[in-house]
Amino acid sequence: MSWWWAAAAGLGAAGFSARWHWWRPAKRGTPVFMYHQIRADLENTPLPKLRVRPDRFAAQLDTLVRRGYAVVSLGQALGPAAPAKAAVLTFDDAYQDFYDTAWPLLKQRGMNATVFVVTSQIGGVNAWDQGKGIPPAPLMDAEQIKELAGQGVEFGGHGHGHADLASLDDAALAQDLAACHGTLTELLGAAPGVFSYPYGSYDERVKQAVSAAGFQAACSIRPSLLTPASDPLALGRIIVKRSDTALDFALKLTRGKSRW
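Computed from a predicted model, the values in this text were never measured in an experiment.

K.L.:
If you had to explain helix α5 (residues 142-150) to someone new, which residues and values would you point to?
P.N.:
Buried within α5 are the following residues: Gln 144, Ile 145 and Leu 148. Taken down its axis, α5 places every buried residue within 100° of arc, on the same side. Of the exposed residues in α5, the ones pointing more than 90 degrees away from its buried face are Glu 143 and Gly 150. Here the buried face of α5 lies against α4 (96-108), β6 (114-117), β7 (154-157) and α6 (170-188). Sitting at the amino-terminal end of α5 is Asp 141, which places a side-chain oxygen 3.2 Å from the backbone nitrogen of Glu 143.

Pasting the structure below:
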């Protein structure tokens, strides 16, 4: 039976190699990770992948420490003084759990982050998810945003109403982006430089409108590493899911994704 076990082991190894990207060469560039919520409970959400457990998140931060990454904001990574070995953690929607859970873990390790805000819902809930079976979750309020901005957290725009920007006509698109940029400028006392496309939806028209509204860089949800050749208005990001193992995170860190 030894031949059977050898064959089975060979097939298993081949399947592992085909699914995970450990055998692919590491890529050069800065990983830009995308998170949403850092919380343990699922609360019957149909999107459990977007809720990363706090213990997993802490372990991911410790992986970055062990591997010698400087965890900086997106603006810092794009700037002239970017560390040679940097990683960026971004958080869409500005959930309350960033303030309560994620930021204390980041701050303990001397790390920074970028949070993208849905400006019509500051201090509210994820209203754009209602009717989809997704439970309401509280978002940071204005005082919490100002407090964290004072501690160095970078805040950027995520639309005024979390609309699919590519579906809006020109007037509605310009209005949404102007409201988003203006609200953050008034709240923070400085113009925000970075943006994240809601639902990852954009086209060339949307990119130009984001630039015209005053944002210098914008993030997509397409996985890739940040390099000098990256389009500043279509920066790739690597989603971190609740189901990600230590191997998944390590592969995403150096390859942009972990498996097919």
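K.L.:
Residue-level account of the side chain of Ser 201, with values.
P.N.:
Checked against the element boundaries, Ser 201 lands in the loop between β8 (194-196) and α7 (204-212). Only 2.5 Å separates the side chain of Ser 201 from the side chain of Asp 164, close enough to count as a polar contact. For Ser 201, the contacting residues outside a window of four places in its chain are Asp 164, Leu 165 and Ala 166.

K.L.:
Go over the environment of Leu 78, please, and point to the residues and values.
P.N.:
For Leu 78, the position within the fold is in helix α3 (residues 74-78). For the pair Leu 78 and Thr 227, spaced 149 residues apart in sequence, the C-alpha separation works out to 9.3 Å. Every residue in contact with Leu 78, bar those within four places of it in the chain, is listed here: Ala 217, Leu 226 and Leu 235.

K.L.:
Can you lay out the environment of Leu 177 for me, pointing to particular residues and giving the numbers?
P.N.:
You can see Leu 177 is positioned in helix α6. A residue is classified by how much of its surface remains accessible, and Leu 177, at 0% relative accessible area, is buried. The spatial distance from the C-alpha of Leu 177 to the C-alpha of Ala 209 is 7.7 Å, given a sequence separation of 32 residues. With residues near it in sequence (within four places) discarded, Leu 177 still touches Leu 165, Phe 195, Ala 209, Val 210, Ala 213 and Phe 215.

K.L.:
I'd like a description of the packing of helix α2 (residues 54-66) against α4, backed by residues and values.
P.N.:
Running from N to C, α2 and α4 cross one another at 25°; their axes reach a closest spacing of 10 Å. When the interaxial angle is binned, α2 and α4 end up roughly parallel. When the axes of α2 and α4 are compared, the crossing they make is right-handed. Counting all contacts with α2, which are made through Pro 54, Phe 57, Ala 58 and Leu 61, the residues of α4 involved are Thr 101, Ala 102, Leu 105 and Leu 106. Taken together, the residues of the contact of α2 with α4 break down into 7 nonpolar, 1 polar and no charged.

K.L.:
How would you explain α4 if you had to name every residue and give the values?
P.N.:
End to end, α4 covers 18 Å across 13 residues, agreeing with the expected 18 Å (1.5 Å per residue, within 8%). The principal kink in α4, of about 45°, is found at Ala 102, preceding the proline Pro 104 by one to four residues. Turning to α4, its buried residues are Gln 96, Asp 97, Phe 98, Ala 102, Trp 103, Leu 105 and Leu 106. Elements that come into contact with the buried residues of α4 comprise β2 (37-38), α2, β5 (86-93), β6 and α5. One or two positions beyond α4, positive phi appears at Gly 110, with a value near 70°.

Cut-offs used in this document
- Residues numbered from 1 in each chain as written.
- Predicted model: local features only at pLDDT ≥ 70, side-chain atom pairs only at ≥ 80, totals over all residues.
- Heavy atoms only, no water.
- Buried < 20%, exposed > 50% of the residue type's maximum accessible area, 1.4 Å probe, protein only.
- Helix = DSSP H or I, 4+ residues; strand = E, 2+ residues; numbered from the N terminus.
- Arc of directions from axis to C-beta.
- Contact = heavy atoms within 4.5 Å.
- Polar contact = N/O pair within 3.5 Å; in protein donor to acceptor, adjacent residues only side chain to side chain.
- Axes fitted to C-alpha atoms, helices over the stretch in contact; angles between N-to-C directions.
- Parallel < 35°, antiparallel > 145°, perpendicular 65-115°, else oblique.
- Left-handed = near helix turned anticlockwise from the far one by under 90°.
- Nonpolar A, V, L, I, M, F, W, Y, C, P; charged D, E, K, R; others polar.
- Expected span 1.5 Å × (residues − 1).
- Bend = angle between axes of the 7 residues up to and from the residue.

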